[in-house]
Amino acid sequence: MSSIRIFILGALSERGPMHGHQLRLLAEEEHLDLWTDITIGGLYGAIKRLAAEGLIQEARTEQIGSYPQRKVWQITDAGGQTLSSLRLRGLREIVLKPDPFDLVLTRLDPDRLDDLPPVIEARIASLEATLTEYEAHARSIARHLTLAESLAMRHRVVRLRAEIAWHRQLASQLPELITEGKTRSGVRFERESGKAHQRG
């Protein structure tokens, strides 16, 4: 599922032909980088890919003053069908991407276990700062948001709070986790020493 494809196709479908700079300004106006996985800098590459696939096509070129010519893009019939499919998939699919942190948590360095508490505290502080900043920004632009946009931003807030709650639970169980890690490391060391002794 590609959010940037949904954005470009949706914008051209709803607003009519636009050039890349207009799409960029729209993405910035809607603060997409705050509540989606869209990167503003990725728009132009996505436009080229959509054009190569025949989902959008050049409608005309425009030139204002001394600025370079800009291609104005419009959605094709195939693009409209793809947009319809992407919208349906976006509503139906549940996206919970695996976090590499979880894998690392199960493969901790036995020699660095005592470093865990400050690392986890730093993660919690970072998440809390992100939440505070995000909520402040959401309040500052609230009057400009549609109901759907407000709900989407609220979804991000709920996810951040859930992350913070899980990390706090992890922090409370760190002593047990560290003890378990050291015990496993000790058992592994004893097994390896025993095998070396048998070979000797």
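Just so we're clear, the structure is a prediction, and the values are computed from it rather than from any experiment.

**Q** Looking at this structure, how should I read the nonpolar core?
**A** Considering soluble globular proteins, one finds that nonpolar side chains tend to be buried as a cluster. The biggest cluster of nonpolar side chains holds 22 residues, and the ones touching the most others in it are Phe7, Ile8, Leu9, Leu23, Leu43 and Ile56. Elements that contribute at least two residues to this core include exactly α1 (3-15), α2 (20-29), α4 (43-52) and α5 (77-92). In terms of residue count, the dominant contributor to this core is α1 (six residues). For Leu23, the contacting residues outside a window of four places in its chain are Phe7, Ile8, Ala11, Met18, Leu43 and Ile47.

**Q** It is not clear to me how the packing of aromatic side chains should be interpreted in this structure. Could you clarify?
**A** One pair of aromatic rings is described through two measures. These are the centre distance and the angle between the planes. Tallying each qualifying case throughout the model produces one aromatic pair. Aromatic pair Phe101 and Trp166: ring centres 6.0 Å apart, planes at 85°, arrangement edge-to-face. Linking Phe101 in helix α6 (residues 100-105) with Trp166 in helix α8 (residues 147-172), this pair joins segments that are 65 residues apart in sequence. In this structure Phe101 comes out as buried when scored by relative accessible area, which is 14%. We note Arg123 situated over the ring of Phe101; from NZ or CZ to the ring centre the distance is 3.8 Å. The ring of Tyr134 has Arg156 sitting right over it, with the charged end atom 5.1 Å from the ring centre.

**Q** So what exactly am I meant to see when it comes to the side chain of Arg5 here?
**A** Here Arg5 lies in helix α1. Reaching out from Arg5, the side chain makes a polar contact with the side chain of Glu53 at a distance of 2.9 Å. What Arg5 contacts, discounting residues up to four positions off in sequence, is Gly10, Leu50, Glu53, Leu55 and Leu86.

**Q** Looking at this structure, how should I read the pairing of strand β3 (residues 70-75)?
**A** The side chains of a regular strand alternate between the sheet's two faces. As defined by bridge partners, strand β1 (residues 18-19) adjoins β3 across two bridges and the pair is classed as antiparallel. Of the residues in β3, the one forming a bridge with Met18 is Trp73. Across six bridges, the pairing between strand β2 (residues 56-62) and β3 is antiparallel. When the sheet's bridge partners are listed, Gln57 is paired in β3 with Gln74.

**Q** It is not clear to me how the sheet that holds β3 should be interpreted in this structure. Could you clarify?
**A** Through backbone hydrogen bonds, the strands of a sheet pair up, either in parallel or in antiparallel fashion. The strand order β1-β3-β2 describes an open sheet built from three strands, whose pairing is antiparallel. Only two strands of the sheet have a single partner each, and these edge strands are β1 and β2. Across the sheet, α1 is in contact with β1, β2 and β3; its angle to β3 comes to roughly 85°.

**Q** Is there a simple way to think about unusual backbone geometry in this case?
**A** Glycine aside, a negative phi is what most residues show, and trans is what most peptide bonds show. In this model, His31 sits at a positive phi of 55°, which is unusual for a non-glycine residue. Its location among the elements puts His31 in the loop between α2 and α3 (32-35). Since its relative accessible area comes to 22%, His31 is described here as partly exposed.

**Q** When you look at α8 in this model, what are you seeing that I'm missing?
**A** Residue pairs three or four apart in sequence face the same way in an α-helix, which turns once every 3.6 residues. Between its first and last C-alpha atoms α8 spans 38 Å; for 26 residues at 1.5 Å apiece the expected length is 38 Å, and the two agree. Regarding α8, the residues found buried are Glu149, Met153, Val157, Leu160, Ile164, His167, Leu170 and Ala171.

**Q** In this structure, what is going on with the packing of α1 against α2? I would like to understand it.
**A** The relative placement of two packed helices comes down to the angle between their axes together with the axis-to-axis distance. Orientation of α1 relative to α2, taken along the N-to-C sense of each, is 105°, at an axis distance of 11 Å. As far as their axial angle goes, α2 and α1 are roughly perpendicular. Between α1, through Phe7, Ile8, Ala11 and Arg15, and α2, the contact on the second element is made entirely by Leu23, Leu26 and Ala27. Split into classes, the residues belonging to the contact of α1 with α2 amount to six nonpolar, no polar and one charged.

**Q** What's the story with the pattern of salt bridges in this structure? I'm lost.
**A** For side chains bearing opposite charge, pairing can occur when the charged atoms are close. Applying the stated criterion across every chain yields a total of ten salt bridges. Here Arg161 ties to Glu135 by a salt bridge, and the two come within 2.6 Å at their closest N and O atoms. Within this pair, whereas Arg161 is found in helix α8, its partner Glu135 is found in helix α7 (residues 116-141), the two being separated by 26 residues in sequence. When its relative accessible area of 18% is taken as the criterion, Glu135 is described as buried.

About the cut-offs
Residues numbered from 1 in each chain as written. Predicted model: local features only at pLDDT ≥ 70, side-chain atom pairs only at ≥ 80, totals over all residues. Heavy atoms only, no water. Core = buried A, V, L, I, M, F, W, Y, C linked by side-chain atoms within 4.5 Å. Buried < 20%, exposed > 50% of the residue type's maximum accessible area, 1.4 Å probe, protein only. Helix = DSSP H or I, 4+ residues; strand = E, 2+ residues; numbered from the N terminus. Contact = heavy atoms within 4.5 Å. Phe/Tyr/Trp six-rings, centres within 6.5 Å; stacked < 30°, edge-to-face > 60°. Lys NZ or Arg CZ within 6 Å of the ring centre and 35° of its normal. Polar contact = N/O pair within 3.5 Å; in protein donor to acceptor, adjacent residues only side chain to side chain. Pairing = 2+ DSSP bridges. Axes fitted to C-alpha atoms, helices over the stretch in contact; angles between N-to-C directions. Expected span 1.5 Å × (residues − 1). Parallel < 35°, antiparallel > 145°, perpendicular 65-115°, else oblique. Nonpolar A, V, L, I, M, F, W, Y, C, P; charged D, E, K, R; others polar. Salt bridge = Lys/Arg side-chain N within 4 Å of Asp/Glu carboxyl O.

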